[in-house]
Amino acid sequence: MKIELVRIKIRDLVEGYADNDDLGVQAYDGKLDVRPPYQREFVYEDRQRDAVIETLRRNFPLNVMYWAVQDDRTFEVIDGQQRTISICQYVEGDYSIAIDGHQLAFHNLQADQQDQILDYELMVYLCEGT
């Protein structure tokens, strides 16, 4: 098995994000299958989901994610589904979090705050082979 560590900016991860219920969840310009059939459904509670965004806002390290490289050079999430969906949903405006006593959605943040999140680099291990 070949394993390679790459850095993926959130702005690239959220590109083409689409949650099509039973048809699956896509991100990374349609190249990432976020919820393959063997993955469990999204299970984060609000406080866990919000903690992911706070981690990004504070520029703290987020746990590494694992993606499987497919034969057609697309990817499947092995580990990191809940974090990926939390990030994409926040940037898409699906929910807001409490920041300094105010509920703020991504679109309500200052431009520099948005850029800080979008430029955050996720550490992803790309796993290829058996």
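See the structure above.
Residues numbered from 1 in each chain as written. Predicted model: local features only at pLDDT ≥ 70, side-chain atom pairs only at ≥ 80, totals over all residues. Heavy atoms only, no water.

Colleague: When you look at the packing of aromatic side chains in this model, what are you seeing that I'm missing?
Modeller: In this description, an aromatic ring pair is defined by two values, namely the gap between the centres and the angle between the planes. Counted according to the given criterion, the structure contains six aromatic pairs. Pairing W67 with F75 gives two aromatic rings, centres 5.5 Å apart and planes at 50°, and the pair type is tilted. Grouping aromatic residues by their ring pairs yields a cluster made of Y28, W67 and F75. The ring of Y28 has K31 sitting right over it, with the charged end atom 4.8 Å from the ring centre. Over the face of the ring belonging to Y95 we find R49, whose NZ or CZ atom lies 3.6 Å from the ring centre. (Phe/Tyr/Trp six-rings, centres within 6.5 Å; stacked < 30°, edge-to-face > 60°. Lys NZ or Arg CZ within 6 Å of the ring centre and 35° of its normal.)

Colleague: Help me understand the pattern of salt bridges in this model?
Modeller: Any two side chains of opposite charge can pair, on the condition that their charged atoms come close. On inspection of all chains with the given rule, the structure shows nine salt bridges. Among the ionic pairs, E128 bridges to R73, the shortest N-O distance being 2.8 Å. With E128 in strand β9 (residues 121-128) and R73 in the loop between β5 (65-69) and β6 (75-79), the pair connects residues that are 55 residues apart, well separated along the chain. Each member of the salt-bridge network shares a partner with another, and the members are R11, D115 and D119. (Salt bridge = Lys/Arg side-chain N within 4 Å of Asp/Glu carboxyl O. Helix = DSSP H or I, 4+ residues; strand = E, 2+ residues; numbered from the N terminus.)

Colleague: Hey, could you run me through unusual backbone geometry in this one?
Modeller: Where the residue is not glycine, phi is negative for most of them; where a peptide bond is considered, it is trans in most cases. At Y28, a residue that is not glycine, the phi angle is positive and equals roughly 55°. Tracing the sequence through the fold places Y28 in the loop between β3 (25-27) and β4 (32-33). Taking the relative accessible area as the measure of exposure, Y28 reaches 17% and is therefore buried. We note that D29 has phi near 60°; this positive angle belongs to a residue other than glycine. Along the chain, D29 turns up in the loop between β3 and β4. The exposed category is assigned to D29, whose relative accessible area is 53%. (Buried < 20%, exposed > 50% of the residue type's maximum accessible area, 1.4 Å probe, protein only.)

Colleague: Help me out: how do you make sense of helix α3 (residues 81-92) in this one?
Modeller: Think of an α-helix as 3.6 residues a turn; residues three or four steps apart then line up on the same face. For α3, with 12 residues, the first-to-last C-alpha span of 16 Å sits near the 16 Å given by 1.5 Å per residue. With 11 of its 12 residues buried, α3 lies for the most part within the structure. The set of residues buried in α3 consists of Q81, Q82, R83, T84, I85, S86, I87, C88, Q89, Y90 and V91. With its phi angle positive at about 90°, G93 sits one or two positions after the end of α3. (Expected span 1.5 Å × (residues − 1).)

Colleague: What's the story with the environment of R83 in this structure? I'm lost.
Modeller: Note on placement: R83 falls in helix α3. The buried category is assigned to R83, whose relative accessible area is 9%. When sequence neighbours within four positions are dropped, the list of residues in contact with R83 reads Y44, V52, L62, N63, V64 and M65. Of note is the side chain of R83, whose polar atom sits 2.8 Å from the backbone oxygen of N63. In this structure the side chain of R83 is engaged in a polar contact, spanning 3.0 Å, whose partner is the side chain of D79. (Contact = heavy atoms within 4.5 Å. Polar contact = N/O pair within 3.5 Å; in protein donor to acceptor, adjacent residues only side chain to side chain.)

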